[in-house]
Amino acid sequence: MRNPASFFNSIQRPACVVVPRVDVHVQKAMATIYHDRVRYAVMSGGHTGMTGWNSVQDGILIFFGKMKSITYDESRNRATIQPGVRWGEALSQLEPYGVAPMGGRLGDIGTGLLLGGGVSYLAPENGWSTDGVTEMDVILVDGRQVTVNASNQYSDLFRALKGGGSRFGIVTRFEVEPIRVGRRSDKNWYGGVILYPESSAEALIRAVHKFVQTNTDPKAAALFILGYVMQNGKPVASHTVAYFYKGSSLPRDVFGDFLDIPHDFESLAPMSYIEATDVFGAGDDRGFGHRFSGTSFVGEPEKCLKAFRDFQRFATESAHAVNSTVFGLTPIPLHQIETARKKGGNALQPALRPYLSAHWNTVFLEGQEQIPAKVELGLKWLMRRNPPCSGAPLDMNESDATQNVYATYGDYEFLKHVYQKYDPTRFNVRYSQGPIGL
Ligand SMILES: Cc1cc2nc3c(=O)[nH]c(=O)nc-3n(C[C@H](O)[C@H](O)[C@H](O)COP(=O)(O)OP(=O)(O)OC[C@H]3O[C@@H](n4cnc5c(N)ncnc54)[C@H](O)[C@@H]3O)c2cc1C
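Residues numbered from 1 in each chain as written. Predicted model: local features only at pLDDT ≥ 70, side-chain atom pairs only at ≥ 80, totals over all residues. Heavy atoms only, no water.

*Asks:* Explain the overall build of the protein here, please?
*Replies:* If you tally the helices and strands in the protein, you get 13 helices and 18 strands. Taken over the C-alpha trace, the protein has a radius of gyration of 21 Å; the compact-globule value for 438 residues is 22 Å, and the two agree within 12%. Principal axes of the C-alpha set define a box for the protein whose edges measure 60 × 55 × 40 Å. Contacts in the protein between residues at least 24 apart in sequence constitute 74% of all its contacts with a sequence separation of at least 6. Counting only carbon and sulfur atoms, one obtains 51% of the accessible surface of the protein, whose full area is about 17100 Å². If the 45 positive side-chain charges of the protein are averaged to one point and the 43 negative ones to another, these points end up 5 Å apart. (Helix = DSSP H or I, 4+ residues; strand = E, 2+ residues; numbered from the N terminus. Rg over C-alpha atoms; globule rule 2.2 N^0.38 Å. Contact = heavy atoms within 4.5 Å. Areas by Shrake-Rupley, 256 points an atom, 1.4 Å probe, with all protein chains shown as cover. Lys, Arg positive; Asp, Glu negative; His and termini not counted. Charge placed at Lys NZ, Arg CZ, Asp CG, Glu CD.)

*Asks:* Help me out: how do you make sense of the UniProt feature "domain: FAD-binding PCMH-type" (unreviewed entry) in the protein in this one?
*Replies:* Sites flagged by UniProt as "domain: FAD-binding PCMH-type" (unreviewed entry) map to residues 10-181. In residues 10-181, helix accounts for 23% and strand for 24%; the two terminal C-alpha atoms are 36 Å from one another. (UniProt positions renumbered as here; feature names shortened; annotations may be inferred.)

*Asks:* For this particular structure, what's the right way to read the domain arrangement of the protein?
*Replies:* Note: interface size is frequently given as the accessible area lost on complex formation between the parts. On domain assignment, one finds that the protein holds domain 1 (7-63), domain 2 (70-182 + 411-423) and domain 3 (189-408). Taking only C-alpha atoms, the centre of domain 1 and the centre of domain 3 are 30 Å apart. The largest share of the area that domain 1 buries against domain 3 comes from Phe7, Phe8 and Met50, three residues that together contribute 60% of it. Counting across the interface, domain 1 meets domain 3 through zero salt bridges. Across the contact surface, domain 1 and domain 3 share one residue pair in polar contact (both at pLDDT 80 or more). Across the side of domain 1 that touches domain 3, the residue classes break down as five nonpolar, three polar and no charged. (Domains from an automatic or database assignment. Buried area = accessible area lost by both parts, 1.4 Å probe. Salt bridge = Lys/Arg side-chain N within 4 Å of Asp/Glu carboxyl O. Polar contact = N/O pair within 3.5 Å; in protein donor to acceptor, adjacent residues only side chain to side chain. Nonpolar A, V, L, I, M, F, W, Y, C, P; charged D, E, K, R; others polar.)

*Asks:* I'm lost on the site of the ligand in this one. Help?
*Replies:* Val42, Ser44, Asn54, Arg105 and Gly110 are the nearest of the 28 residues found near the ligand. One of the backbone N or O atoms of Gly45 is found 2.9 Å from an oxygen atom in the ligand. One of the backbone nitrogen or oxygen atoms of His47 is found 3.0 Å away from an oxygen atom of the ligand. At the level of secondary structure, the elements contributing two or more residues to the shell around the ligand comprise strand E2 (40-43), helix H3 (112-115) and strand E9 (170-176). Among the elements that make up the shell around the ligand, the one with the highest residue count is H3 (three residues). For the shell around the ligand, the residue count by class is 13 nonpolar, 13 polar and two charged. (Near = heavy atom within 4 Å.)

*Asks:* How should I be thinking about helix H5 (residues 155-164) in this particular structure?
*Replies:* Each turn of an α-helix holds 3.6 residues, which means side chains three or four residues apart point in the same direction. Within H5, eight of the 10 residues are buried, which leaves it mostly tucked inside the rest of the structure. Of all the residues in H5, the buried ones are Asp156, Leu157, Phe158, Ala160, Leu161, Lys162, Gly163 and Gly164. Looking one or two residues beyond H5, the residue adopting positive phi is Gly165, at roughly 80 degrees. (Buried < 20%, exposed > 50% of the residue type's maximum accessible area, 1.4 Å probe, protein only.)

*Asks:* Would you explain the nonpolar core in this entry?
*Replies:* A general trend in soluble globular proteins is that nonpolar side chains are found buried together. Membership of the largest hydrophobic core comes to 51 residues, with the highest contact counts inside it found for Met136, Leu157, Leu161 and Phe168. Ranked by the residues each element gives to this core, the list is headed by helix H12 (residues 412-422), at five residues. For this core, the two domains that each supply at least three residues are domain 2 (70-182 + 411-423) and domain 3 (189-408). With residues up to four places along the chain from it excluded, the contact list for Leu157 reads Leu140, Val146, Val148, Phe168, Val418 and Tyr422. Phe8, Phe308, Phe314 and Trp360 belong to the second largest nonpolar core, which has 50 residues in total. (Core = buried A, V, L, I, M, F, W, Y, C linked by side-chain atoms within 4.5 Å.)

*Asks:* Teacher, can you tell me more about the packing of aromatic side chains here?
*Replies:* Ring pairs (aromatic) are described by centroid distance and by the angle formed between their planes. Inspection of the entire model under this criterion finds 24 aromatic pairs. Taking the centre distance of 6.3 Å and the plane angle of 80 degrees together, the rings of Phe297 and Phe327 count as edge-to-face. Of the two residues, Phe297 sits in strand E16 (residues 288-297) while Phe327 sits in strand E17 (residues 322-332), which places them 30 residues apart along the sequence. The buried category is assigned to Phe327, whose relative accessible area is 0%. Taking 6.1 Å as the distance between ring centres and 85 degrees as the angle between the ring planes, the aromatic pair formed by Tyr406 and Tyr409 counts as edge-to-face. Looking at Tyr409, the relative accessible area reads 4%, which means it is buried. Taken together, the aromatic side chains of Phe211, Phe224, Tyr243, Tyr245, Phe255 and Phe258 make up a single cluster linked through ring pairs. Over the ring of Tyr34 we find Arg37; its NZ or CZ atom is 5.7 Å from the centre of that ring. (Phe/Tyr/Trp six-rings, centres within 6.5 Å; stacked < 30°, edge-to-face > 60°. Lys NZ or Arg CZ within 6 Å of the ring centre and 35° of its normal.)

*Asks:* Any chance you could explain the sheet that holds strand E1 (residues 16-18) here in plain terms?
*Replies:* Strand pairing in a sheet relies on backbone hydrogen bonds. The paired strands run either parallel or antiparallel. Taking strand neighbours across the sheet as the criterion, the three strands line up as E1-E3-E2 in an open arrangement whose pairing is parallel. Looking along the sheet, the strands with just one partner apiece sit at the ends: E1 and E2. Across this sheet, the average inter-strand angle for adjacent strands is 20 degrees, counted without regard to direction. With three bridges joining them, E1 and strand E3 (residues 60-63) adopt parallel strand pairing. Bridging from a neighbouring strand, Val17 pairs with Leu61 of E3. Against the sheet, helix H1 (residues 23-36) engages E1, E2 and E3, with an angle of about 160 degrees to E3. (Pairing = 2+ DSSP bridges. Axes fitted to C-alpha atoms, helices over the stretch in contact; angles between N-to-C directions.)

*Asks:* I tried to follow the side chain of Arg286 on my own but got confused; where do I start?
*Replies:* If you trace the backbone, Arg286 turns up in the loop between helix H8 (273-276) and E16. Engagement of the side chain of Arg286 in a polar contact is seen with the backbone oxygen of Asn3, the distance being 2.7 Å. At a separation of 3.0 Å, a polar atom in the side chain of Arg286 contacts the side chain of Asp108.

As structure tokens, this is what we get:
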């Protein structure tokens, strides 16, 4: 079994690992876990940054490493994806058909992303990755299996699973509507990465605020990774931004502000969608603990600038104890929110206004088993001083286990109701780690 992405999740030892090959294996495992009241966890791609969400000490781990099939029905444009598939595999297998499922921005990430919402470079035009899901097979907490979609008797569960995370059941089949992106040889996207010096960071933050508020072109996508790599106990700036446009150039009326900010290096070129998903590599490093925490920003850039200055202070004070740390910003434009609603909506249900989804991700030293107390305090300080803005949900995939992500969702009350309906004894909350607040 491959180690999880965060080293902190390699430390706990389950008493038993169930490696299902068919749904009935999951049904039997859950029925037994439920009957015998055993602690459990589920792992698909293993990429969560939340310690304990895909690992369990002395309990049962359900690991989807053998359920990795992908099929494609060209006549309906539907792909069926089993939970053990990673996005790089899904993209490669569907590439001959010129389509791509909406997944993540790193190939090593797995399908757990769909349950947390999920953001890809296709998001501005097509919604969150979970908005591409059309049907799921779900094993409920007591081992019963149901098929959920937008129009059957389980439409409430379907909606809750689209962004509600791991609390509502175990998904054994995702049916998704992929996006027609073309083949690897079709260089119908343009973009790549630009590296900026420390002196450009604040200009970038002002520019991304303007971009998310004013850009109305859904063919534009960007990911801002402002970060520091620690060298000899000092943070060295590594501010990297990926820009993509579905077209033959980065139009100046969309990207001009970013292109004019002084930068050290740029690598921009025509490329296919599948190549765009690889500009940061697969993200398959192992051996380092990760710790995510999230926030969000609406309106003027001042709050984000303050959060960035706090982050700089955190980076300086943690430099001896960590490998690297990043402050990531993903623009969530109004057209993305409107598209998600048109597709039926998801559990996040943001307010109808653009925002920046933000996270801090700290990567610890190789083999380091515990987060040093001073760094832990620093992370808590960052979260306390920079709470999410109202109506702009936290990204469950990139938040901290102590943050109540559900409380930032527009559909919080609905989610509590659905959880109560499908897990009336609250078994999942009592016997499994995961998002808090239900
Ligand atoms: C370096 C890095 C980069 C990232 N980049 C992005 C990005 O670009 N876009 C983005 O949206 N996210 C990103 N993420 C976050 C990532 O999407 C989430 O961590 C996601 O949950 C990972 O899914 P997984 O299957 O790989 O992980 P896992 O750790 O296997 O699962 C994550 C969670 O989902 C639960 N789960 C998994 N499968 C199932 C299932 N079938 N049924 C029920 N519950 C299940 C697990 O129990 C766990 O709680 C990134 C994370 C890292 C560490």
